[in-house]
Amino acid sequence: MKYPSYTGFRCVRCGNTYPVEPFRYQCDSCSSNLDIQYDYNGIKNAWSRNSLKNNKDRSLYRFLPLLPIDRQPDNRSIQVGGTPLVRMKEPLNNDRSYELYLKDDTRNPSGSLKDRATEIGLIHAKNLNYDKVIAASTGNAAASLAALSAFHGMQAVILTPKNAPLAKLVQILQYGATLIPIDGSYDDAFDLSIEAVKEFGFYSRNTGFNPIMSEGKKTVILEIMEQLNWKIPDRVYVPVGDGCIIGSVYKGLYDLLQLGWISKIPMIIAVQATGSMAIVNALDSSNNLEPVKSNTIADSIAVDFPRDGLKAIKAVHKSGGYGIAVEDDEILSAQKMLSSQSGIFSEPAAAAAFAGFIQDVEEGKINDGERIVTLITGTGLKDITAAQRKLVIPDPVKPDIKALKHVIQQISDLT
């Protein structure tokens, strides 16, 4: 069955609308980002929650009617999406009782939520007869593009800032992509990649530029709502860099609201590192987005000027949410707590969202009985160096039972 596809684009700033063809990245009038429009009535006539329930495909393609492609690839043996929603016990001793859920997107093929955007982007690129794709990334989007391009037979060109974590660079090269480190920041790499799109005719996988990326990322909230049996959470905590993920979360919830599958949109909370908080600053002031000089251990959300900032700000405001800034030390503490209490090892950027939740708990903002969802967007295996800052590797002991007994007696949890 061929589902209704998207109907066109709408500028997030000036409101200009455009047809599906020719494909464009940004508004012709004001050069702002675009949002993809759907025929919700047509989707309603072809699709329902019952048809979704009967779909045995656990990948993100189960949401095909709400994606800007009209068919899924023949080879889906590498699954993107369908990641677990983990119920976590209350992490802090306090007098509040709430439900806490972690959306564990570390389980995606390259270890991050970015695979959702990449997968849909590559299929869209193939539909338009592209075979070369370019992206600027601090690592996760790059590793994602490298991995899934290898699977789908596409050529990937990746520009990274010179300070991207080594583990992510190794991933990119291992998957066979063309890696070009840039002697500059993520923002420098981003600007150069846009020039390369115009110069060489590559397809852009950049979030905050290509509107297709948001549509892939929004599947994370579509899955969450289905996994919650359509019970609406009170708060959704999202780590924010460029602003694409949080804008996508709002878009997915908006889609469900238009279909009548949910009755309202929950609060969406933007969490940034204090060393890269352009969006939080805008939310706390007059919504004017001003660049910052990013400096944070959470490299995946280290952005000077958020390219999807307007979408992010609108997502927070329209949902009745707010912004939170967390220190690097809070991020690392949250990363350790998350790992030791849930079994999910997240990278610092993903732990930032959890750190924001912890901050709200400590400030008494979480009410009894609330249902909380926190996005865990990438695995900690991508940045072991950061995680080591909060850890002490024990000294070795002699291979002797007496020596072992002495150590164990000193560890209260084992005696």
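Residues numbered from 1 in each chain as written. Predicted model: local features only at pLDDT ≥ 70, side-chain atom pairs only at ≥ 80, totals over all residues. Heavy atoms only, no water.

Moving on to the overall build of the protein chain. In terms of regular secondary structure, the protein chain is built from 15 helices and 13 strands. For 415 residues, the compact-globule estimate of 2.2 N^0.38 gives 22 Å, and the C-alpha radius of gyration of the protein chain, at 21 Å, lies within 12% of that figure. Taken along the three principal axes of its C-alpha coordinates, the protein chain extends 75 × 50 × 45 Å. A buried classification covers 58% of the 415 residues belonging to the protein chain. Taking all contacts inside the protein chain whose residues are at least 6 apart in sequence as the whole, residues at least 24 apart take part in 70%. Carbon together with sulfur atoms contributes 47% to the accessible area of the protein chain, which is approximately 17,900 Å² in total. (Helix = DSSP H or I, 4+ residues; strand = E, 2+ residues; numbered from the N terminus. Rg over C-alpha atoms; globule rule 2.2 N^0.38 Å. Buried < 20%, exposed > 50% of the residue type's maximum accessible area, 1.4 Å probe, protein only. Contact = heavy atoms within 4.5 Å. Areas by Shrake-Rupley, 256 points an atom, 1.4 Å probe, with all protein chains shown as cover.)

Under the criterion given, the structure shown has two cavities of 30 Å³ or more. By volume, the largest cavity is sized at about 340 Å³. Lys114, Thr207, Lys217, Asp242 and Ser300 are the residues nearest the centre of the largest cavity, which is lined by 29 residues in total. Among the secondary structure elements, those contributing two or more residues to the lining of the largest cavity are strand 6 (132–136), helix 4 (140–152) and helix 9 (244–259). Here the lining of the largest cavity takes three residues from helix 9, the largest share from any one element. Of the residues contributing to the lining of the largest cavity, the split by class is 13 nonpolar, eleven polar and five charged. (1 Å grid on protein atoms, 1.4 Å probe; cavity = no way out; pocket = protein on both sides within 12 Å on 5 of 7 lines; lining within 4 Å. Points joined across faces, edges and corners; volume = space filled by probe spheres on them. Nonpolar A, V, L, I, M, F, W, Y, C, P; charged D, E, K, R; others polar.)

Okay, the environment of Val12 next. Among the secondary structure elements, Val12 is positioned in the loop between strand 1 (6–11) and strand 2 (17–19). Its relative accessible area of 12% is what places Val12 among the buried residues. Along the backbone, Val12 and Ser32 are 20 residues apart, and their C-alpha atoms lie at a distance of 6.9 Å. Excluding anything up to four places from it in sequence, Val12 contacts Asn33, Leu34, Asp35, Leu310, Lys311 and Lys314.

On to the pairing of strand 1, then. Pairing between strand 1 and strand 3 (residues 34–38): five bridges, direction antiparallel. When the bridges of strand 3 are listed, Gly8 appears paired with Gln37. Strand direction decides the pairing type here: strand 1 and strand 2, joined by three bridges, are antiparallel. If you follow Gly8 over to strand 2, its bridge partner there is Pro19. (Pairing = 2+ DSSP bridges.)

Time to look at unusual backbone geometry. Here the residue pair Glu21 and Pro22 is connected by a cis peptide bond, since its omega of 0° sits within 30 degrees of zero. Even without being glycine, Ser31 reaches a positive phi, approximately 65°. Within the element layout of this structure, Ser31 appears in the loop between strand 2 and strand 3. Owing to a relative accessible area of 49%, Ser31 belongs among the partly exposed residues under this scheme. Phi is positive for Asn129, close to 70°, though the residue is something other than glycine. Tracing the backbone through its elements, the reader meets Asn129 in the loop between helix 3 (114–127) and strand 6. Its relative accessible area of 72% is what places Asn129 among the exposed residues.

This part covers the sheet that holds strand 8 (residues 178–182). Reading across the sheet, the four strands line up as 8-7-6-9 and stay open at both edges, with parallel pairing between neighbours. Unpaired on one side and paired on the other, strand 8 and strand 9 (203–204) mark the two borders of the sheet. In this structure, strand 6 lies alongside strand 9, joined through two bridges in parallel fashion. Looking across to strand 9, one finds that Val133 is bridged to Tyr203. Sheet strands in contact with helix 6 (residues 186–200) are strand 6, strand 7 (155–161), strand 8 and strand 9, and its direction is about 155° off that of strand 6. (Axes fitted to C-alpha atoms, helices over the stretch in contact; angles between N-to-C directions.)

Moving on: the sheet that holds strand 5 (residues 99–104). Strand order in the open sheet made by the six strands is 4-5-13-10-11-12, with mixed pairing throughout. The open sheet has two edge strands, strand 4 (85–88) and strand 12 (322–326), and neither has a second partner. Shown here is a sheet whose adjacent strand axes are inclined to one another by a mean of 25°, direction ignored. Where strand 10 (residues 235–239) meets strand 13 (residues 371–376), three bridges bridge the pair, whose relative direction is parallel. When the sheet's bridge partners are listed, Tyr237 is paired in strand 13 with Thr374. Together, strand 4, strand 5 and strand 13 form the strand contacts of helix 8 (residues 219–227), whose direction differs from that of strand 5 by roughly 135°.

Here we take up the pattern of salt bridges. Within this structure, the stated rule accounts for 23 salt bridges. The salt bridge partner of Asp57 is Arg76, with a shortest N-O separation of 3.4 Å. In this pair, Asp57 sits in the loop between helix 2 (49–53) and strand 4 while Arg76 sits in the loop between helix 2 and strand 4, placing the two residues 19 residues apart along the sequence. When its relative accessible area of 18% is taken as the criterion, Asp57 is described as buried. Given the relative accessible area of 34%, Arg76 is considered partly exposed. With a shortest N-O distance of 2.8 Å, Glu223 and Lys103 are connected by a salt bridge. Of this pair, Glu223 sits in helix 8 while Lys103 sits in strand 5, placing them 120 residues apart in sequence. (Salt bridge = Lys/Arg side-chain N within 4 Å of Asp/Glu carboxyl O.)

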